[in-house]
Amino acid sequence: MTPDVQFCQLGELSIAYTSHGDGVRGCLVLVQGLGQQLTAWPASLVRALVQAGVRVVCIDNRDVGKSSRLTGRPPMAWIYLRHRLGLTSRAPYLLDDMADDLGGLIEHLGAGPVHLVGLSMGGMLCQIVAARKPARVASLTSIMSSSGDHRLPRARPEVMRHILTPPRRPTFEQALAHGVRTWELIGSPRYPTPRAVLVDRVRQELERGAPDAGGTERQFAAVLASAPRVPLLRLITAPTLVIHGDADPLVPLAAGRNVHALTPGARLEVIEGMGHDLPEPLVPRIAALIVEHVAHVEHARAVARPVPSPHASDPPVTTPPTAVTGEPA
């Protein structure tokens, strides 16, 4: 049964989210990528995380799904050109603003430090929150994301052309065709999703309330106009897991390796044949990686808590935390 959508009011913005499970092993917040709604997370992934005893919160970023929409169309060609030159631009909002939305939601949940899992643009938002609000973040999992360093390899030209040229005032069928083509271009070559499944998925997303082209463009403008997160990644203290596919045509593997190298103590998992999606055959592996990561962190937090002293006047005794295993940066 799908839980009801709830809302977090942040000033004039309303951020939609759903909550799954009771969270006996912590709270985990899933943050989607460009133009994607909270329903884009595979149900099988959410189910596996809940079965592991984690409370799972899925959110709609601003300008998507049931969250607040803004207005105005940014000059994407100009912003993209400046981005290619390593220059920042004006945009309706930046990734910092979207990260503030996420930070506000975490405070609204009142669940203590949370485990953040961000995909693509969502990974960027989670990186910012982990760096700037360390007390709010128990762990970070960055999936197919990037530091924003302008020297990194770029998306394949045909993929970028498609993303930069969405149909203007599309009919439902035109929007459906564009969405399906997007997934065909960025999907995992070793684990292709049947076209019928893609059509059904995109149709459901459009019917729920995907962003119009302006909403997606505003989010994309935020990605392109924001400063690289290289200095911020070096500030992250939360245990970090980086997951990336070696066949990603939108955010090449070099970007994931870069996030891994910049984040202190991070662990890197490279998945062969994975593109810029979460194909169903890979969900068990990805879920297991996240569950293992969260379990290590929760165990370390548990053993680090003060041990009650038999004598009230004695100072509390603490046990050193167990190291989180992983590939060092």
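Residues numbered from 1 in each chain as written. Predicted model: local features only at pLDDT ≥ 70, side-chain atom pairs only at ≥ 80, totals over all residues. Heavy atoms only, no water.

Asker: Sorry, what's going on with the overall build of the chain here?
Answerer: Summing up its helical and strand segments, the chain has 11 helices and eight strands in all. Treating the 33 positive side-chain charges of the chain as one cloud and the 29 negative ones as another, the clouds have centres 5 Å apart. (Helix = DSSP H or I, 4+ residues; strand = E, 2+ residues; numbered from the N terminus. Lys, Arg positive; Asp, Glu negative; His and termini not counted. Charge placed at Lys NZ, Arg CZ, Asp CG, Glu CD.)

Asker: Please explain the pairing of strand E3 (residues 27-31) as it appears in this structure.
Answerer: One face of the sheet, then the other: side chains in a regular strand alternate in exactly this way. Burial within E3 is extensive, with five of its five residues counted as buried. On E3, burial covers both faces: Cys-27, Val-29 and Val-31 on one face and Leu-28 and Leu-30 on the other are all buried. Relative to strand E4 (residues 55-59), E3 is paired through five bridges, and the arrangement is parallel. Along E4, the bridge assignment pairs Leu-30 with Cys-58. What joins E3 to E4 is helix H1 (residues 43-51), and the crossover it makes is right-handed. (Buried < 20%, exposed > 50% of the residue type's maximum accessible area, 1.4 Å probe, protein only. Pairing = 2+ DSSP bridges. Right-handed = clockwise from strand over helix to strand, strands pointing away.)

Asker: For this particular structure, what's the right way to read the environment of Met-144?
Answerer: In this fold, Met-144 is placed in the loop between strand E6 (137-143) and helix H5 (157-164). The exposure class assigned to Met-144 is buried, which follows from its relative accessible area of 0%. C-alpha separation for the pair Met-144 and Val-251, spaced 107 residues apart in sequence, amounts to 6.5 Å. Contacts of Met-144, omitting those with residues within four sequence positions, involve Leu-119, Ser-120, Ile-243, His-244, Asp-248, Val-251, Met-274, Gly-275, His-276, Asp-277 and Leu-278. (Contact = heavy atoms within 4.5 Å.)

Asker: Any chance you could explain the nonpolar core here in plain terms?
Answerer: The nonpolar side chains of a soluble globular protein tend to be buried, and buried together. In this structure, Val-29, Ile-59, Leu-95, Leu-102, Leu-116 and Leu-250 are the most contacted members of the largest nonpolar core, which totals 60 residues. Apart from the residues within four sequence positions on either side, Leu-95 is in contact with Met-121, Met-124, Leu-125, Ile-128, Ala-222, Val-223, Ser-226 and Arg-229. Formed by 26 residues, the second largest nonpolar core is a distinct cluster that contains Cys-58, Ile-286, Leu-289 and Ile-290. (Core = buried A, V, L, I, M, F, W, Y, C linked by side-chain atoms within 4.5 Å.)

Asker: It is not clear to me how the pattern of salt bridges should be interpreted in this structure. Could you clarify?
Answerer: Think of it this way: side chains of opposite charge can pair up when their charged atoms draw near. According to the stated counting rule, one finds 14 salt bridges in the structure shown. Note that Arg-218 and Asp-63 form a salt bridge whose closest N and O atoms lie 2.8 Å from each other. Remark: Asp-63 occurs in the loop between E4 and helix H2 (76-84) and Arg-218 occurs in helix H8 (residues 213-225); sequence separation between them is 155 residues. The two residues Arg-218 and Asp-63 agree in class, both being buried. Across the salt bridge formed by Arg-267 and Glu-269, the nearest N and O atoms sit 2.9 Å from each other. Comparing Arg-267 with Glu-269 shows no difference in burial state: the two are buried. What emerges from the salt-bridge pattern is a single network uniting Arg-73, Arg-168 and Glu-217. (Salt bridge = Lys/Arg side-chain N within 4 Å of Asp/Glu carboxyl O.)

Asker: When you look at the packing of aromatic side chains in this model, what are you seeing that I'm missing?
Answerer: How two aromatic rings sit relative to each other is given by the distance of their centres and the angle of their planes. Evaluated as defined, the whole model comprises zero aromatic pairs. It is Arg-62 that lies over the ring of Tyr-93; its NZ or CZ is 4.7 Å from the centre. One Lys or Arg, Arg-201, reaches over the ring of Trp-183 and ends 5.7 Å from the middle of that ring. (Phe/Tyr/Trp six-rings, centres within 6.5 Å; stacked < 30°, edge-to-face > 60°. Lys NZ or Arg CZ within 6 Å of the ring centre and 35° of its normal.)

Asker: Would you explain the sheet that holds strand E8 (residues 267-271) in this entry?
Answerer: In any sheet, the strands associate via hydrogen bonds between backbone groups, in a parallel or an antiparallel arrangement. On the basis of which strands lie adjacent, the open sheet formed by eight strands has the order E1-E2-E4-E3-E5-E6-E7-E8 and mixed pairing. A single partner strand is all that each edge strand has here, and the edge strands are strand E1 (6-10) and E8. The sheet shows a mean angle of 20 degrees between the axes of neighbouring strands, taken without regard to direction. The strands that H1 touches are strand E2 (13-20), E3 and E4; relative to E4, the one it contacts most, it runs at about 150 degrees. Its contacts with the sheet put helix H11 (residues 283-304) on E3, strand E5 (114-119), E6, strand E7 (240-245) and E8, and the angle it makes with E6 is roughly 160 degrees. (Axes fitted to C-alpha atoms, helices over the stretch in contact; angles between N-to-C directions.)

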